[in-house]
Amino acid sequence: MPAIVILGAQWGDEGKGKATDLLAQQQGDDSIDFVVRTSGGHNAGHTIVVNGEKFATHLLPSGILTPGATSVIGNGVVVSPEALFRELDELVARGVEIGPDQLVVSANAHVIASYHSTIDKVTERFLGKNQIGTTGRGIGPAYADKINRVGVRIADLFDEGILRQKVDAALDQRNHLLAKVYNRRAIEVDAVVEELLAYVDRLRPMVRDTSLLLNTALDEGKTVLFEGAQATMLDVDHGTYPFVTSSNPVAGGVCVGAGIGPTRIDRVIGVIKAYTTRVGSGPFPTELFDADGEELQRIGGEVGVSTGRTRRCGWYDAVVARYATRVNGLTDYFLTKLDVLDSWDRIPVCVAYEIDGVRHDEMPMTQTEFHHAKPVYEFFDGWKTDISGCRSFEDLPENAQIYVQALEQMSGTRIWGVGVGPGREQTIVVHDD
Ligand code: GDP
Ligand code: IMO
Ligand code: MG
């Protein structure tokens, strides 16, 4: 299985970091060759727990913790050099060994400079009650520059003349907006050029043609894991627009963001929680505003890894799961955090929506309908047992088995693995292949 995509099937924070780390380990240290990020930036927060020790990655692929694997930041990622080196230095300070060839950055990836996060924050403030609830990391403004064709790419950092021209072009538009609409001070071209040039010497040895690197690796039969960030329902095309991120975290985005063709991909694993969470604004049909929601938040430790914000919580939504199966062509699900449901007597699962009196078994066509969606629940008996020590499907209490089998049946593809705790080893692999 040389090219495997791992992605989020809900609104993020499903456990993609753990799933990536697990697969990297499962294949054996010698056989995972590359772990690749293809979209988003340091808005992601992926948690990996190794021998009880917790690590979080943001811009770096989780593969940075797998000895022998090369981590790749693909062309589709937006890269803040400041965030990149801060994260690397923090990991090294914690004793993680990172070899000189262990991280590769695409020459075509777009750069996030400090003005992008300034614009992200002022735009949000300007939106007032309509704000998206972004991470404030400059992700949207950097992708906007890319689409507007005024972005700065990593390769531009190596030619000061070109860099100055590009920053000048980008700020020309932005400064009008900042001064005239947002009543802010204009940003100086020189200051931005200086800020970015400070990283050039450290960055230079990492920069490669990553499309060539990855295609050659696949030709040679090497194993490549594509580590999704964000999630299907945050996708700018397929998510709950405009309450989304500014990239394509769906499976199709992997091809664009890595420079590989769709025929290369062998397996697409959707990571999905046994319930649902969301950070930031936007519709969320199964959201709970009662004691159950608070309990899911408390037991699941649902606090954002990047921004420290409390995550909104609700029950499993099989309509979202079926949609994610469809738009990503999923081959498998990895169902995480089943252990969080250990204490409930009865567990509701949303099987369809009722919208203006009509039942919808599939995602409605329009956002307006989605905003009006009321969940139709089916109820499952709880197992009321601590399952964190279970290591095989047969170890699970009968009601937990029934719950997992029901979700599999409703969600459109097989459940390959089940998470029963944050640790690498707290996993049940249901299918061996
Ligand atoms: P990501 O952004 O998709 O990588 O997910 P996050 O790391 O933001 O959030 C997932 C959280 O759930 C992290 O704190 C993980 O350590 C934790 N986690 C992952 N899988 C499991 C699981 O099966 N059970 C429990 N209890 N926690 C899990
Ligand atoms: P991981 O990879 C959860 C959300 C933000 C906001 C919206 C837009 O850890 O699952 P942005 O800063 O991207 O412009 O914010 O997207 N968001 C995430 N929510 N997990 C993430 O990443 C997210 N990345 C962005 O909260 O609602
Ligand atoms: Mg996260």
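Residues numbered from 1 in each chain as written. Chains lettered and ligands numbered in written order. Predicted model: local features only at pLDDT ≥ 70, side-chain atom pairs only at ≥ 80, totals over all residues. Heavy atoms only, no water.

## Some words on the overall build of the protein chain
Per the secondary structure count, the protein chain includes 13 helices and 20 strands. Whereas a compact globule of 433 residues would reach a radius of gyration of roughly 22 Å, the protein chain reaches 22 Å, a difference of no more than 12%. With respect to the three principal axes, the spread of C-alpha positions in the protein chain is 65 × 50 × 40 Å. Sorting the 433 residues of the protein chain into buried and exposed places 58% on the buried side. In the protein chain, 74% of the contacts between residues at least 6 apart in sequence involve partners at least 24 apart. Working note: accessible area of the protein chain is about 17900 Å², and carbon and sulfur atoms make up 49% of it. In the protein chain, 41 positive and 59 negative side-chain charges are present, and the distance between their average locations comes to 5 Å. (Helix = DSSP H or I, 4+ residues; strand = E, 2+ residues; numbered from the N terminus. Rg over C-alpha atoms; globule rule 2.2 N^0.38 Å. Buried < 20%, exposed > 50% of the residue type's maximum accessible area, 1.4 Å probe, protein only. Contact = heavy atoms within 4.5 Å. Areas by Shrake-Rupley, 256 points an atom, 1.4 Å probe, with all protein chains shown as cover. Lys, Arg positive; Asp, Glu negative; His and termini not counted. Charge placed at Lys NZ, Arg CZ, Asp CG, Glu CD.)

## Describing the pairing of strand S5 (residues 70–73)
Burial along S5 is two-sided: the residues Thr 70 and Val 72 and Ser 71 and Ile 73 are all buried. Here strand S2 (residues 32–37) runs beside S5; their pairing, made up of 4 bridges, is parallel. Of the residues in S5, the one forming a bridge with Val 35 is Ser 71. With 3 bridges joining them, S5 and strand S7 (residues 103–106) adopt parallel strand pairing. Directly across from Val 72, in S7, lies its bridge partner Val 104. (Pairing = 2+ DSSP bridges.)

## Focus on the coordination of the magnesium ion (ligand 3)
Taken together, Asp 13 (OD) and Gly 45 (O) make up the full set of protein donors to the magnesium ion (ligand 3), lying 2.0 to 2.1 Å away. Residue Asp 13 is located in the loop between strand S1 (3–8) and helix H1 (16–26), and its partner Gly 45 is located in the loop between S2 and strand S3 (46–50); the two are separated by 32 residues in the primary sequence. The partly exposed category is assigned to Asp 13, whose relative accessible area is 23%. (Donors = N, O, S within 2.8 Å, 3.2 Å for Na, K, Ca; no water.)

## Let's talk about the domain arrangement of the protein chain
Per the domain assignment, the segments making up the protein chain are domain 1 (3–101 + 209–429) and domain 2 (110–204). Distance between the C-alpha centres of domain 1 and domain 2: 29 Å. Of the roughly 1900 Å² buried where domain 1 meets domain 2, counting both sides, 60% is carbon and sulfur surface. Contact with domain 2 buries surface across domain 1, with Val 78, Pro 81 and Phe 85 losing the most and accounting together for 30% of the total. Linking domain 1 with domain 2 are 1 salt bridge. We note a salt bridge from Arg 202 to Asp 89, for which the minimum N-O separation is 2.8 Å. Inspection of the region where domain 1 meets domain 2 yields 11 residue pairs in polar contact (both at pLDDT 80 or more). Ranked by residue count, the leading element in the side of domain 1 that touches domain 2 is helix H2 (residues 81–93), at 5 residues. (Domains from an automatic or database assignment. Buried area = accessible area lost by both parts, 1.4 Å probe. Salt bridge = Lys/Arg side-chain N within 4 Å of Asp/Glu carboxyl O. Polar contact = N/O pair within 3.5 Å; in protein donor to acceptor, adjacent residues only side chain to side chain.)

## Looking at the site of ligand 2
Around ligand 2 sit 20 residues, and of these Lys 16, His 46, Thr 135, Gln 230 and Thr 245 come closest. Between ligand 2 and the protein, one listed contact pairs an oxygen atom with a side-chain N or O atom of Thr 245 at 2.6 Å. At 3.2 Å from an oxygen atom of ligand 2 is found a main-chain nitrogen or oxygen belonging to Val 279. Within the complex, the protein chains bury 97% of what would otherwise be the 550 Å² of accessible surface of ligand 2. (Near = heavy atom within 4 Å.)

## Describing the site of ligand 1
Within the structure, ligand 1 sits among 19 residues, and Gly 15, Lys 16, Gly 45, Thr 47 and Asp 339 are positioned closest to it. Between ligand 1 and the protein, one listed contact pairs an oxygen atom with a backbone N or O atom of Glu 14 at 3.1 Å. Compared with its free state, where it exposes 590 Å², ligand 1 has 93% of that area covered by protein. Using a 2 Å cut-off from the grid points, one finds that ligand 1 occupies the second largest pocket. Of all the secondary-structure elements, those providing two or more residues to the shell around ligand 1 are H1 and S3. (1 Å grid on protein atoms, 1.4 Å probe; cavity = no way out; pocket = protein on both sides within 12 Å on 5 of 7 lines; lining within 4 Å. Sits in = over half its atoms within 2 Å of the grid points.)

## Quick word on the layout of surface pockets
What the second largest pocket holds in volume is close to 630 Å³. Residue lining of the second largest pocket: 30 residues in total, with Thr 47, Gly 300, Arg 311, Lys 337 and Pro 422 positioned closest to the centre. Secondary-structure elements contributing two or more residues to the lining of the second largest pocket are H1, S3 and strand S4 (53–57). Considered class by class, the residues forming the lining of the second largest pocket number 10 nonpolar, 11 polar and 9 charged. (Points joined across faces, edges and corners; volume = space filled by probe spheres on them. Nonpolar A, V, L, I, M, F, W, Y, C, P; charged D, E, K, R; others polar.)

## Some thoughts on the nonpolar core
Of all hydrophobic cores here, the largest spans 59 residues; its most connected members are Phe 226, Leu 338, Leu 341 and Tyr 403. It is helix H13 (residues 398–411) that contributes the most residues to this core, 6 residues altogether. Sequence-distant contacts of Leu 341, that is, excluding residues within four places in its chain, are made with Ala 274, Tyr 275, Leu 296, Trp 315, Ile 347, Trp 383 and Tyr 403. If you look at the next biggest cluster of nonpolar residues, it comprises 44 residues, including Ile 64, Phe 85, Leu 88 and Val 167. (Core = buried A, V, L, I, M, F, W, Y, C linked by side-chain atoms within 4.5 Å.)

## Side note on the packing of helix H5 (residues 160–181) against helix H6 (residues 189–197)
Across the interface, H5 lies against H6 with an axial gap of 9 Å and an inter-helix angle of 130 degrees. The pairing of H5 with H6 is recorded here as oblique in orientation. The interaxial crossing formed by H5 with H6 has right-handed handedness. Of the residues in H6, those touching H5 at Glu 160, Leu 163, Arg 164, Val 167, Asp 168 and Leu 171 are Val 189, Asp 190, Val 192, Val 193, Leu 196 and Leu 197. When grouped by side-chain class, the residues that make up the contact of H5 with H6 number 8 nonpolar, no polar and 4 charged. (Axes fitted to C-alpha atoms, helices over the stretch in contact; angles between N-to-C directions. Parallel < 35°, antiparallel > 145°, perpendicular 65-115°, else oblique. Left-handed = near helix turned anticlockwise from the far one by under 90°.)

## A closer look at the sheet that holds strand S9 (residues 207–208)
Taking strand neighbours across the sheet as the criterion, the 10 strands line up as S9-S7-S5-S2-S10-S1-S11-S15-S19-S20 in an open arrangement whose pairing is mixed. Here the strands that pair on one side only, and so sit at the sheet edges, are S9 and strand S20 (427–429). Lying on the sheet, helix H11 (residues 318–328) is in contact with S1, strand S11 (267–273) and strand S15 (332–336); it crosses S15 at an angle near 140 degrees.

## Observations concerning the environment of Thr 123
In this fold, Thr 123 is placed in helix H3 (residues 114–127). For Thr 123, a relative accessible area of 27% corresponds to the partly exposed category. Taking the C-alpha atoms as reference points, Thr 123 and Pro 141, 18 residues apart in sequence, are found 9.4 Å from one another. In terms of polar contacts, Thr 123 uses its side chain to reach the backbone carbonyl oxygen of Ile 119, at 2.4 Å.

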